Amino acid sequence: MNEQIAIMAEKRDDLQTAIDHLRWKVDHYEDHMAVTEEELRAVEKNRADQ
């Protein structure tokens, strides 16, 4: 049973890490998208200027 507890605790920790990462992505989505959209606009402008 102790081994099963350890396995489940490891799975719990892995899930918590994934949850934390997803929360970070949600919290920073707007910042990331603003930068990405600006980069895409620059690429489009560069292609239009060529």
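Here's what I pulled together on the structure shown here. (Residues numbered from 1 in each chain as written. Predicted model: local features only at pLDDT ≥ 70, side-chain atom pairs only at ≥ 80, totals over all residues. Heavy atoms only, no water.)

**A closer look at the pattern of salt bridges**
Applied cut-off: Salt bridges are defined by distance alone: a side-chain nitrogen of Lys or Arg within 4 Å of a carboxyl oxygen of Asp or Glu. With a 1.4 Å probe rolled over the protein chains alone, any residue whose accessible area is under 20% of its type maximum counts as buried; one over 50% counts as exposed, and the rest are partly exposed. Helix and strand definitions here come from DSSP, where helices need a minimum of 4 consecutive H or I residues and strands a minimum of 2 consecutive E residues; each element is numbered from the N-terminal end.
Counted under the stated rule, the structure contains 3 salt bridges. Of the charged contacts in the structure, one is a salt bridge between Asp-13 and Arg-12, with a shortest N-O distance of 3.1 Å. Residue class for Arg-12 comes out exposed when judged on its relative accessible area of 53%. With a closest N to O distance of 3.7 Å, Arg-41 and Glu-37 form a salt bridge. A residue pair is termed a helical-turn pair when its members lie 3 or 4 positions apart in one helix, as Arg-41 and Glu-37 do in helix α2 (residues 29-49) at 4 residues. A relative accessible area of 51% means that Arg-41 is categorised as exposed.

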